[in-house]
Amino acid sequence: MKNKRKLAVWSLLTAGLLQLPIGFSSVSQIAHAETSVPANIRVAFYMLNKSLKTIPSVAFNSGGAIQVGNKTAAGGVRPWFSATGETRFGLNQTRIQWPIATDYNQAKALYQQLTDAKQSPVLFVFSLKGKPAYQIFSGDYASSTEGAQGQAALLKSPIFATYTDKTVLTGNFFAEVASYATEQEAVTRQGILAQAGVATELVVQDNVSANNPAGNAIYKLWFGGSASQAELDSLKAQASALSPGLSFAVANTDAPYLIRKTDASLTASGGTAFYLLNPADAAGQKVWITTDTGKLTVKEKQLSYRGAFELSSFSGKLAVVNELPFEDYLYAVVYSEIGPNVPAEAIKAQAVIARTYAMAAGNKYGIANVSDSTLDQVYFGKEAQQSTDGVDATKGQLVYYGNDLAQTFFYANAGGMTSDGAEVWGSSLPYLTSVTSPDSAPSVGKLTWYRVITDNGISGYIRSDLLRDTGVKSKANLPYYETTEDGANLRPSPSTEQATIAQLNTGTRVAVIGQAIESTKYTWKWLSSAQELVPSLNKYLPTAVSGVKTIEVLSRGPSGRVTGLKLDGVPFTMPYPDNFRTMLGSLRSTKFDIEETGRYTILGANGASSEYPVTTGVPYVLTGTGNKTQPASEMLVLNGTGAVRPVSVDQKFLFSGSGYGHGLGMSQDGAAQMARDGRSYMDILSYYYPGTTIK
């Protein structure tokens, strides 16, 4: 039972780690033996740990029309309408409403200013007195109180101060003007009212009655959208003056609805239909979107997906959930996680563990079983025949330990040795223990990079194919090389992922002080300054620091992964040691060594010594003429054994590691190599999850 509690807690604490392909799920949710795979799975988009990210809207299109309906509490769907082209949806939440403009360029300029201020604006176009009118709404607030605070803060900015007393907050207070059986009837009446100067909203709602149990859509004209009843009453009086005889009824804002607007954010004439959902969770609105012409494309992701999409309000935010057949989901997950270009047996192994993970997740997010990101399993919607074949060949197969579904964790590369549970969450499971792993393939054929220092004291790494040996050596017996082309990049580590330190011209002389293979998932290096690490350190330290002078490895687990550190000489451990990756700036794994370039000892006369960076001040160099001079920001030192190493005045940490990911369970690179060596997917799974069975 002790292990079960730790697993449940870990699912909360590790969510969101960049390199963690899947999160832990509570053992209490795990199905038991002979569990059948359900027909469908629900995948939540835009998740942030256990909550939703705030997104203002989402747009869909397909190769043809999309069908939009209202999903009922009983699970049925009432069809509302079809749409072609890009169609956008968002919540009708409290927003800041800006003054109406008749000039598009003026409206677009304000729209751009609000975009630059990260206010999530939307620009709508509508007809008013026979001419186009433009209006901007900004912000995405869950309540009028939150909206008022955002409005006050925004209007303090010099850019928007001129709009004081010219903006209002919107809300869910509407009056109904009329209802019609067809959209065309509603649009015609809307045009008549607009000609009189009264702007109304075209609304779609269910029309459920004893005579119409199917609840086909009905089209209504609503007026207002105010933050309070008093504001709505004031607007009604103004509208009645413009259109005498206009009557109002109470709008049913407790029921699901869609308000149709036209988005003009890109062009003056608009063209993109923008539908706003009821923002109240209590309304229980679930917009159901399907297509008969293949996949639905989500514009924001530039990706296409099988199945249907459900949109709703969840804890005051727009929830986007993709529901599709379970095995269809796996087609895309297996493609996204391991790709189509590995041996078939590795793809099959990935299919089985992906299926097991998704089954074990249960209803993890309340609205969905899993997310589409590294919080769970990466799901890009893309597929290939090889990954599809791997899923089909293993259909329904799951990994069990005894009568329970196993926790089938996986990751990119183990660095030669998988981790033990104690190295990740502080306790072990019998089938998640450390084993050797054949992970070296990513480094095969990679270039050697030379570690060098320039004549003006800048050290770093440069690709070996950009240097040639001059045949000359320095006084420290280091070989001199020179660059063979202009623009040769000198980088902090042997990787193009770190920004260039300097660009060297042809013939630039450098002293070679070491070499390393180009960083890959198998072996890697990463250089960070002490100041660069402060923000991530402070996310975990009990007391915030302004800097750090030394970082040393305190302890390691069975696979060699770090389980404890010493920071400025003080021991520091965490219940979940894998968090050291993010604590140290999102390292690829916790299987690393640390070289402190700013740490060295200078021996003086009579046995005196100075320790850096502990000693206050900067050392000086005594020249051949007896003069004192400040050293360059970097220099070479000769240790007691005659070896040369670069040191820096400011503390920096060069992390040299292996592996990519938490290391628990199956290494994807290791599985691929085992498959190349002729092992079956059953062999692979029994190796990485010893003691488990496949049913």
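The present account deals with the structure reproduced in this document. What you see is a predicted model, and the numbers here were worked out from it, not measured in a lab.

The rules behind the values
- Residues numbered from 1 in each chain as written.
- Predicted model: local features only at pLDDT ≥ 70, side-chain atom pairs only at ≥ 80, totals over all residues.
- Heavy atoms only, no water.
- Helix = DSSP H or I, 4+ residues; strand = E, 2+ residues; numbered from the N terminus.
- Buried < 20%, exposed > 50% of the residue type's maximum accessible area, 1.4 Å probe, protein only.
- Contact = heavy atoms within 4.5 Å.
- 1 Å grid on protein atoms, 1.4 Å probe; cavity = no way out; pocket = protein on both sides within 12 Å on 5 of 7 lines; lining within 4 Å.
- Points joined across faces, edges and corners; volume = space filled by probe spheres on them.
- Nonpolar A, V, L, I, M, F, W, Y, C, P; charged D, E, K, R; others polar.
- Axes fitted to C-alpha atoms, helices over the stretch in contact; angles between N-to-C directions.
- Parallel < 35°, antiparallel > 145°, perpendicular 65-115°, else oblique.
- Left-handed = near helix turned anticlockwise from the far one by under 90°.
- Polar contact = N/O pair within 3.5 Å; in protein donor to acceptor, adjacent residues only side chain to side chain.
- Arc of directions from axis to C-beta.
- Pairing = 2+ DSSP bridges.
- Salt bridge = Lys/Arg side-chain N within 4 Å of Asp/Glu carboxyl O.
- Phe/Tyr/Trp six-rings, centres within 6.5 Å; stacked < 30°, edge-to-face > 60°.
- Lys NZ or Arg CZ within 6 Å of the ring centre and 35° of its normal.

### Focus: the overall build of the protein chain
Scanning the protein chain from N- to C-terminus turns up 13 helices and 46 strands. A buried classification covers 52% of the 695 residues belonging to the protein chain. At a minimum sequence separation of 6, the contacts of the protein chain that also span at least 24 residues come to 68%.

### Brief notes about the layout of surface pockets
Of the volumes computed, that of the largest pocket is approximately 1200 Å³. In this structure, the largest pocket is lined by 43 residues; those nearest its centre are Phe126, Gln135, Ala199, Thr200 and Glu201. Take the lining of the largest pocket: its biggest share by element is six residues, from strand 9 (residues 122-128). Here the residues of the lining of the largest pocket sort into 21 nonpolar, 16 polar and six charged.

### Points about the packing of helix 7 (residues 344-360) against helix 12 (residues 668-676)
When two helices pack together, you describe them by how their axes are tilted relative to each other and by the distance separating the axes. Interaxial distance between helix 7 and helix 12 falls to 7 Å at its minimum, and their mutual angle equals 140°. On the basis of their axis angle, the class for helix 7 and helix 12 is oblique. Judged by the twist between their axes, the crossing of helix 7 over helix 12 is right-handed. Between helix 7, through Glu345, Ala346 and Gln350, and helix 12, the contact on the second element is made entirely by Gln668, Ala671, Ala672 and Ala675.

### Details of the side chain of Thr692
Looking at where Thr692 falls in the secondary structure, it is placed in the loop between helix 13 (681-688) and strand 46 (693-694). A relative accessible area of 14% means that Thr692 is categorised as buried. Of the polar contacts made by the side chain of Thr692, one reaches the backbone oxygen of Tyr689; its length is 2.6 Å. Excluding its chain neighbours within four sequence positions, the residues that come into contact with Thr692 are Val399, Tyr400, Tyr401, Ala406, Tyr431 and Leu685.

### Some thoughts on helix 13
Of the residues making up helix 13, those classed as buried are Tyr681, Ile684, Leu685 and Tyr688. The buried side chains of helix 13 occupy one side of the element, clustering within an arc of 90° when seen end-on. Elements in contact with the buried residues of helix 13: helix 7, strand 23 (399-401), strand 45 (666-667), helix 12 and strand 46.

### Considering the environment of Ala354
Inspection of the secondary structure assignment puts Ala354 in helix 7. Sequence separation between Ala354 and Phe410 is 56 residues; the distance between their C-alpha atoms is 8.9 Å. The contact partners of Ala354, leaving out residues within four places of it in the chain, are Leu330, Val333 and Gln377.

### Observations concerning the pairing of strand 13 (residues 217-226)
Across the ten residues of strand 13, nine count as buried, placing the element largely inside the fold. With eight bridges connecting them, strand 11 (residues 168-180) and strand 13 associate as antiparallel partners. Looking at strand 13, one finds that Phe173 is bridged to Ser226.

### Considerations on the sheet that holds strand 27 (residues 459-463)
Strand order in the open sheet formed by five strands is 27-26-32-29-28, with antiparallel pairing between adjacent strands. A strand with exactly one partner marks an edge of an open sheet, and here the two such strands are strand 27 and strand 28 (467-473). Each adjacent strand pair in this sheet contributes to an overall mean axis angle of 50°, direction not counted.

### A word on empty space enclosed by the protein
This structure, assessed with the given rule, holds two cavities of 30 Å³ or more. Reported here for the largest cavity is a volume of approximately 140 Å³. In terms of lining residues, the largest cavity is bounded by 14 residues, among which Arg451, Ser459, Leu527, Thr597 and Glu634 are the most central. Those elements giving two or more residues to the lining of the largest cavity turn out to be strand 27, strand 43 (644-648) and strand 44 (652-658). Each residue belonging to the lining of the largest cavity can be placed in one class, and the counts come to seven nonpolar, four polar and three charged.

### Observations regarding the pattern of salt bridges
Note that side chains of opposite charge can pair when their charged atoms are close. Taken as a whole and judged by the stated rule, the model has 29 salt bridges. Arg451 is the salt-bridge partner of Glu595, the closest N and O atoms lying 3.0 Å from each other. Taken together, the positions of Glu595 in strand 37 (residues 592-596) and Arg451 in strand 26 (residues 448-454) put the pair 144 residues apart, joining distant regions of the chain. Judged by its relative accessible area of 24%, Glu595 is partly exposed.

### Let's talk about helix 10 (residues 530-538)
Restricting attention to buried positions, one finds in helix 10 the residues Ala530, Leu533, Val534, Ser536 and Leu537. Here the buried face of helix 10 lies against strand 33 (523-529), strand 34 (551-556), helix 11 (580-583) and strand 44.

### Quick notes on the packing of aromatic side chains
This structure, assessed with the given rule, holds 26 aromatic pairs. Seen from their ring centres, Trp222 and Tyr257 are 5.0 Å apart, and the 70° between their planes marks the pair as edge-to-face. You can see Trp222 sitting in strand 13 and its partner Tyr257 sitting in the loop between strand 14 (249-250) and strand 15 (258-263), a full 35 residues away along the chain. Residue Trp222 is classed as buried on the basis of its relative accessible area of 0%. Tyr257 sits in the buried class, given a relative accessible area of 0%. Judged by centre distance (6.4 Å) and plane angle (80°), the rings of Phe326 and Tyr329 are edge-to-face. In this pair, Phe326 and Tyr329 are both assigned in helix 6 (residues 326-338), three residues apart and thus about one turn of the helix distant. Across this residue pair, the class does not change: Phe326 and Tyr329 are buried. Site record: aromatic cluster; members linked through ring pairs are Phe45, Tyr46, Phe60, Phe81, Phe89, Tyr275, Tyr305, Phe309, Phe326, Tyr329 and Tyr379. When the ring centre of Tyr46 is taken as reference, the NZ or CZ atom of Lys301 above it lies at 4.7 Å. Residue placement shows Arg509 over the ring face of Tyr480; its charged tip is 3.9 Å from the ring centre.

Structural measurements only, silent on function.
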